[in-house]
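Descriptive analysis of the structure
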Protein chains: 2
Amino acid sequence: MAASSSAVAASASASAQALAVSTHCSPSSSHSHRLALPGGDALRSLVGRSLTSSPSALRFLRMRQPVFRSRRAGPARAAAVETLEAAATDALVEKSVNTIRFLAIDAVEKANSGHPGLPMGCAPMGHILYDEVMKYIPKNPYWFNRDRFVLSAGHGCMLHYALLHLAGYDSVKIEDIKEFRQWGSRTPGHPENFETPGIEVTTGPLGQGVANAVGLALAEKHLAARFNKPDNEIVDHYTYVILGDGCQMEGISNEACSLAGHWGLGKLIAFYDDNHISIDGDTEIAFTEDVMARFEALGWHTIWVKNGNNGYDDIRAAIKEAKAVKDKPTLIKVTTTIGYGSPNKANTYSVHGSALGAKEVDATRQNLGWPYEPFHVPEEVKSHWSCHVPEGASFEAEWNAKFAEYEKKYKEDAAQLKGIISGELPAGWETALPTYTSESPADATRNLSQQCLNALAKVLPGFLGGSADLASSNMTLLKTFGDFQKGTPEERNVRFGVREHGMGAICNGIALHSPGLLPYCATFFVFTDYMRAAMRISALSEARVIYVMTHDSIGLGEDGPTHQPIEHLISFRAMPNILMLRPADGNETAGAYKVAVLNKKRPSVLALSRQKLPQLAGTSAEGVEKGGYIISDNSSGNRPDLIFMGTGSELEIAAKAADELRKEGKTVRVVSLVSWELFDEQSDEYKESVFPASVTARISIEAGTTLGWEKFVGSKGKAIGIDRFGASAPAGRIYKEFGITAENIIATARSL
Amino acid sequence: MAASSSAVAASASASAQALAVSTHCSPSSSHSHRLALPGGDALRSLVGRSLTSSPSALRFLRMRQPVFRSRRAGPARAAAVETLEAAATDALVEKSVNTIRFLAIDAVEKANSGHPGLPMGCAPMGHILYDEVMKYIPKNPYWFNRDRFVLSAGHGCMLHYALLHLAGYDSVKIEDIKEFRQWGSRTPGHPENFETPGIEVTTGPLGQGVANAVGLALAEKHLAARFNKPDNEIVDHYTYVILGDGCQMEGISNEACSLAGHWGLGKLIAFYDDNHISIDGDTEIAFTEDVMARFEALGWHTIWVKNGNNGYDDIRAAIKEAKAVKDKPTLIKVTTTIGYGSPNKANTYSVHGSALGAKEVDATRQNLGWPYEPFHVPEEVKSHWSCHVPEGASFEAEWNAKFAEYEKKYKEDAAQLKGIISGELPAGWETALPTYTSESPADATRNLSQQCLNALAKVLPGFLGGSADLASSNMTLLKTFGDFQKGTPEERNVRFGVREHGMGAICNGIALHSPGLLPYCATFFVFTDYMRAAMRISALSEARVIYVMTHDSIGLGEDGPTHQPIEHLISFRAMPNILMLRPADGNETAGAYKVAVLNKKRPSVLALSRQKLPQLAGTSAEGVEKGGYIISDNSSGNRPDLIFMGTGSELEIAAKAADELRKEGKTVRVVSLVSWELFDEQSDEYKESVFPASVTARISIEAGTTLGWEKFVGSKGKAIGIDRFGASAPAGRIYKEFGITAENIIATARSL
């Protein structure tokens, strides 16, 4: 009777601390198994009180509920008691589930826009996760050791908003739900981590979320392997994700889930909302594969919950089973009815992405026995959920105590882990980056990049990453670390296989796991086309991912036009909140990495050469931080005859052409425009000091599309570039044939 | 003995026609089963001649070989004869296979660049396909009814070039092979259909090829269902594809293969080159899923050939089995050794993508018993392959005769099929496109697009397509047709599911199947990010695919920034050989479709609005063909005070602002810039007539990034646009908050 009496004690004191130490409101608590069962009479009297139901009585009952709700009762329990208790609890759960459903219905109805179908079908699993299973702290949404939840089927975001609201997150008050999909609200049309604390990642574009979840689970496994000690498991959380048929059809999900299986991410638990409906109708018209068999082939454990609409116990049992399988991720297929409860629209595509309409909302209220006004949360439901705030406080206190112990015993590890949790950079980290002089040997920027990667890995504890099967071409191996694998998750070289899209989204998950995790990933620059959707989400969701993109132009030579980027530089320059950096040599490469690390809320794309480039005089890391700067100039008074500008491998060519013309007595300025975005952010004065308005004889050179360069060369200048696809031939020949040469700059200069 | 004697007769006459009618050199011929077996003595004497081997004797033997090489001999055959015959044949096959290997080795060695590993491992399956199985016409590479072959692992292109060379294609002479990967050669670093007749599609970016193959097989199934008659199967070919581990890892291949299984593409046969090596090393490091089980889950038939290096008969048997399975595509996993034959580099990643080096080339020659000079094709191998040209001629004659019969009996169908084969547009097709006046009701361009799609489907026999599960949002359903499905392949609405990337690549396959096939595909414009790699290959490979991209801006409203394109317009304007069209109303939408259909070697992207737009005065289909044109102007002498320009949904706003300022006495020109690419192609005179150099007061407005607009507004003009991510709110509110309004144009105009 130890636990039982401590529960009573907790009720009496009602302090968060006491609550936590005695019995959590969630059965996921490691304490729940310690609960012994009270005798029949004592329990009956508790139940009696709960049914007469003052809020405090409910909370009191609540403190006892985990055992019953999760049906983990031992065999000693009296069957009659169980039945009575369960009936009371089930009614409350049903009410909570219907609250979630109607918050979604009402919000979509008010906005006259949104997706009620998924929340109505997935409310039961959502309820169980947030009310019974997950560890989180509503008042500290960024608590490091929280369980992560991702709604990969992001259109159903009202499910998540409703859950956050019930759980007590300040980010989603009832007023926020009433402002669903309105200007400036914290409840946008798809989940956005940067708008709403409690949302882990930004989803909506299908398949991204489940791949993010793989990244979150990877991060946990990696950090746990690095930091946990036999006596102190300081890192220990699950990652849950709900994905729908749409996510399943997307190739990115297969990529990421194949890796999750390969890595054996046992603490990743995915719920597949199997509702047989997609926008175009029954999934029969386009999706008849055997999903469970596919996941088994990918190395997952699979479970099928056949009745996701009411089968609460089956969902609970599935989660229990999933947790017991420690060496594989688990897919729980939960068969649900989209729009469950709507008498005329359930199980049709019409409930997927539109408001039900007033008439059908009424019919659904009738059908589900919901007499309340829109946006109403019944008192008993409120009360039922109210323990999550104190429970969260107890999690926090408990974990803080654990960390204090950890810090005492494992000082160095604790310092590293702190850095990962806070995102604070170690003092002087940037001095680790290499520097070069113009006498340093010529080298490809991909090789110089490798020097930077290895330097950063030494000083940044959260630095890890890899390539999509091109490590030896992208030059991305960290030499002092081994491979992150199922058996060696403490290592930092991640082998993504040929899965660019999954790689990008997994890195988003890693970056958004903890502020101090800094993932990089690599492929050929042209194959950003495969992962652009994930990169855009890096930018939108403010995930600091470093995209190491080598073979950045026709300079890669013989592989030909399928491998040669042309339009890629401008396509990223045009994307909001992402830095496109194209360094020209060693100092600029180091500068690019410095910028990438410092921009904590912005991903960076580094375009790097396959071919050797000389170390140029005048380049600098400081210059890179300004985005555009003068590397050489023989004029005075800010009035050169000519301004040449370029980036990356073509800056050398501009410098050469300038040298030639200077010999003829011309004054020529050479500008490196390594990052247009950073240059745009400089003051007007600085910009004028680089590009004086009075100098209109300007020539740009870049082995990419000329479109966009009008911005800098102006209407009287000239852009030298490539406005066609590339060609298969040795690089030097292509450069010559395409006119990306000093001779062409000189000829063009004479024509101006 | 009928077949046997006709073979002798053929040898005597040596005419192509006789060869074909008697016995094909390929066992894929439908005639091969008619072959009876000669008696032991006669055969032995033939074999004796073949081994003493004058070329004509070899050809003579060759004509008899299919039976033995494919081991389809009936039980009546004498076992002793079979052994002797088989040994002789196997030696020749081995020699042919080694020829392929060394052509690849030598070409890569000479170029000092390329991928020898795959051709060395896959030469056996390549040999069997091109020498024994496939129907093709070397002198008419575009023969409609040919079997299609796609090397999805495109880096191994020397395999394909070697096969085309041996088979007698004029596009790959031995000089071409010696020019592998050189400027202007027909043997570029990856297979490019636009450079090399005999190459069906452009591959290299992994996973694209297998998805293209799904498109090719879809096209065959569709055309066969529409045009074949019980007495005349005028459409009847297989699609073969070789894909490697890299292709398997890419999400796009899972998307496309899931659809292939769903559609039951029984004539699609994929060879999975299972060599356990990818660039980063053993596939164990990143790819441990059960591929066969995954494909079974996707609805494929699977076969495993365990010895792909020498197991010729197993490969043959697998193909036979695959052909017998008519309701499912087949994956034949062929376990091979990458770089087979290289004593020190086989089975390592070092043989994947680099020349072997002189020493290892020598060692490989030694190891495989290859005494020949580089690029040598032994006479008996030449002779062995020489029958494919006459065989091809016979295929052509046979099929032409079949078609003549078809045409007689099924006149209308024949005319349609001819159009599909030739790509010739039916006279007057364009009159089917709708026209509008400024009195026509306002409508979303996505709806106007649907009118065009339905109009075109009526007049273009090769018009088909669909959406990635957004048909009811993209408005892409063809109302007079049903769904293309396993049981109804004659229909034209293709249901791609939520698989944008696979959709794009499948459409590339359809478009490149026959010049008159015109696929369209659809999703939200922002999700071009998911399929950009396929779209780039449309552009590069000159595949006329129409990309119907709706919800083209913040105008989609509440779904928010994950769904709102910002940088997408410029990112396609910068891509070579693709038309980015953003029509403003009905006439421009119709014009955009006209342009899309007429540009036979260029894909088009149509950006279409979700929201209603008025029919503007002054717009026209003819204007669209020029890319940019004046829709209204109250000035004279080509000197307006102001030029406003815009595209799509913002053209209306520019027109409104102009109307306002005209009331104040200003002269204002309004220009629609519906397609920058088409405008760029106009004469300087025309351009000056639209944008006179003397008028610098120019304002552009577009609900997308301003980057790029400098090109038209010049350094004194101003671009109104959106250089941040969008927001979730009703569309009108976002337009207002972002300043995409007539008021903002007017204010800006006053500031100029």
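Since the model is a prediction, treat every value here as computed from it, not as a measurement. (Residues numbered from 1 in each chain as written. Chains lettered and ligands numbered in written order. Predicted model: local features only at pLDDT ≥ 70, side-chain atom pairs only at ≥ 80, totals over all residues. Heavy atoms only, no water.)

Digging into the pattern of salt bridges
Going through the model one piece at a time under the given rule, you end up with 66 salt bridges over all chains. A salt bridge links A:Glu660 to A:Lys663, with the shortest nitrogen-to-oxygen separation between them at 3.1 Å. Here the residue A:Glu660 and the residue A:Lys663 both occupy positions in helix α25 (residues 651-663), the gap between them amounting to three residues, near one helical turn. For A:Lys663, a relative accessible area of 65% puts it in the exposed group. Residues B:Arg294 and B:Glu289 are paired through a salt bridge, measuring 2.6 Å at the closest nitrogen-oxygen approach. Shared partners join several salt bridges into a network, and the residues in it are A:Glu132, A:Asp313 and A:Arg316. (Salt bridge = Lys/Arg side-chain N within 4 Å of Asp/Glu carboxyl O. Helix = DSSP H or I, 4+ residues; strand = E, 2+ residues; numbered from the N terminus. Buried < 20%, exposed > 50% of the residue type's maximum accessible area, 1.4 Å probe, protein only.)

A few points about the nonpolar core
Formed by 151 residues in total, the largest nonpolar core has its most connected members in A:Ile546, A:Phe644, B:Ile546 and B:Phe644. Those residues in contact with B:Ile546, other than ones at most four positions away along the chain, are B:Phe463, B:Leu518, B:Pro519, B:Tyr520, B:Cys521, B:Tyr593, B:Ala596, B:Val597, B:Ser604 and B:Leu606. (Core = buried A, V, L, I, M, F, W, Y, C linked by side-chain atoms within 4.5 Å. Contact = heavy atoms within 4.5 Å.)

A few points about the packing of aromatic side chains
Scanning the model with the defined rule gives 55 aromatic pairs over all chains in all. Taking the centre distance of 5.1 Å and the plane angle of 55° together, the rings of A:Tyr406 and A:Tyr410 count as tilted. As far as burial versus exposure is concerned, A:Tyr406 and A:Tyr410 are alike and both buried. Summarising the aromatic geometry, the rings of B:Trp143 and B:Trp399 are spaced 6.5 Å apart at their centres and angled 80° between planes, so their arrangement reads as edge-to-face. With B:Trp143 in the loop between α6 (117-133) and β1 (148-151) and B:Trp399 in helix α16 (residues 388-409), this residue pair connects regions lying 256 residues apart in the sequence. (Phe/Tyr/Trp six-rings, centres within 6.5 Å; stacked < 30°, edge-to-face > 60°.)

Topic: the relation of the copies chain A and chain B
Mapping chain A onto chain B calls for a screw motion: a turn of 180° about the axis and a shift of 0.0 Å along it, with 0.0 Å RMSD after fitting. The superposition operator between the copies reduces to a two-fold rotation axis. The rotation axis passes nearest to the C-alpha of A:Gly251 in chain A, at a distance of 1.8 Å. Of the interface residues in chain A, 100% have counterparts in chain B that sit at the interface too, so the contact is made through matching surfaces. (Least-squares fit on C-alpha atoms with pLDDT ≥ 70 in both.)

Points about the domain arrangement of chain A
Residue and element names in this part refer to chain A. When cut into domains, chain A gives domain 1 (85-391), domain 2 (429-608) and domain 3 (627-751). Each of domain 1 and domain 2 has a C-alpha centre, and the two are 32 Å apart. Taken together, the two surfaces of domain 1 and domain 2 that pack against each other cover about 2800 Å², and 66% of this comes from carbon and sulfur. There are zero salt bridges connecting domain 1 and domain 2. (Domains from an automatic or database assignment. Buried area = accessible area lost by both parts, 1.4 Å probe.)

Some thoughts on the side chain of B:Thr187
All names here are of chain B. When you line up the elements, Thr187 lands in the loop between α8 (174-178) and α9 (208-227). A polar contact is formed between the side chain of Thr187 and the backbone oxygen of Asp176, at a distance of 2.7 Å. For Thr187, the side chain forms a polar contact with the main-chain nitrogen of Phe180, separated by 3.5 Å. Non-local contacts of Thr187, meaning those with residues more than four positions away in its chain, are made with Tyr161, Val172, Asp176, Ile177, Glu179, Phe180 and Arg181. (Polar contact = N/O pair within 3.5 Å; in protein donor to acceptor, adjacent residues only side chain to side chain.)

Side note on the interface of chain A and chain B
At the junction of the two partners, chain A supplies 96 residues and chain B supplies 96 residues. Buried area between chain A and chain B, both sides added, is near 7800 Å², and the carbon and sulfur share of it is 59%. At the boundary of chain A with chain B, the tally comes to eight salt bridges. With a shortest N-O distance of 2.8 Å, B:Glu567 and A:Arg536 are connected by a salt bridge. Where chain A meets chain B, there are 47 residue pairs in polar contact (both at pLDDT 80 or more).

Points about the packing of helix α9 (residues 208-227) of chain A against helix α11 (residues 251-263) of chain A
All names here are of chain A. Remark: α9 packs on α11, axes separated minimally by 8 Å, with the N-to-C direction vectors making an angle of 20°. When the axis of α9 is compared with that of α11, the two are roughly parallel. For the crossing formed where α9 meets α11, the hand is left-handed. For the pair formed by α9 and α11, the contact residues are Gln208, Val210, Ala211, Val214, Leu218 and Lys221 on the first element and Ile252, Ser253, Ala256, Cys257, Ala260 and Trp263 on the second. Residues belonging to the contact of α9 with α11 are distributed by class as follows: nine nonpolar, two polar and one charged. (Axes fitted to C-alpha atoms, helices over the stretch in contact; angles between N-to-C directions. Parallel < 35°, antiparallel > 145°, perpendicular 65-115°, else oblique. Left-handed = near helix turned anticlockwise from the far one by under 90°. Nonpolar A, V, L, I, M, F, W, Y, C, P; charged D, E, K, R; others polar.)

Structural notes on the confidence of the model for chain A
Residue and element names in this part refer to chain A. Of all residues in chain A, 88% attain a pLDDT of 70 or more, and the chain-wide mean is 91. Across residues 1-24, confidence stays below pLDDT 50; counting only partners more than four residues off in sequence or on other chains, it has 44 contacts. Contacts from residues 26-77, a stretch scored under 50 in pLDDT, to residues over four places away or in other chains number 108 contacts. Scoring of the predicted complex yields 0.92 for pTM and 0.92 for ipTM. (pLDDT = per-residue confidence, 0-100.)

Observations concerning the UniProt feature "binding site: thiamine diphosphate" (unreviewed entry) in chain A
The sites that UniProt annotates as "binding site: thiamine diphosphate" (unreviewed entry) are A:His155, A:Gly204, A:Pro205, A:Leu206, A:Gly246, A:Asn275, A:His352 and A:Phe527. With the annotated positions falling across 373 residues, the maximum pairwise C-alpha distance of 34.1 Å shows that they are not confined to a single cluster. Summarising the element assignment, A:His155 is placed in the loop between β1 (148-151) and α7 (157-167). The buried category is assigned to A:His155, whose relative accessible area is 14%. Those residues in contact with A:His155, other than ones at most four positions away along the chain, are A:His115, A:Leu118, A:His190, A:Leu206 and A:His352. You can see A:Leu206 is positioned in the loop between α8 (174-178) and α9. If we ignore the near neighbours within four places in the chain, the residues touching A:Leu206 are A:Ser152, A:Ala153, A:His155, A:Gly246, A:Cys247, A:Glu250, A:Ile252, B:Val498 and B:Tyr530. (UniProt positions renumbered as here; feature names shortened; annotations may be inferred.)

Considerations on helix α23 (residues 586-598) of chain B
Residue and element names in this part refer to chain B. Its 13 residues give α23 an end-to-end C-alpha distance of 18 Å, which sits within 8% of 18 Å, the value for a rise of 1.5 Å per residue. Among the 13 residues that make up α23, 12 are buried, leaving the element largely enclosed by the rest of the structure. Those residues of α23 not exposed but buried are Gly586, Asn587, Glu588, Thr589, Ala590, Gly591, Ala592, Tyr593, Lys594, Val595, Ala596 and Val597. For α23, the capping residue at the N-terminal end is Asp585, with a side-chain oxygen 3.4 Å from the backbone nitrogen of Asn587. (Expected span 1.5 Å × (residues − 1).)

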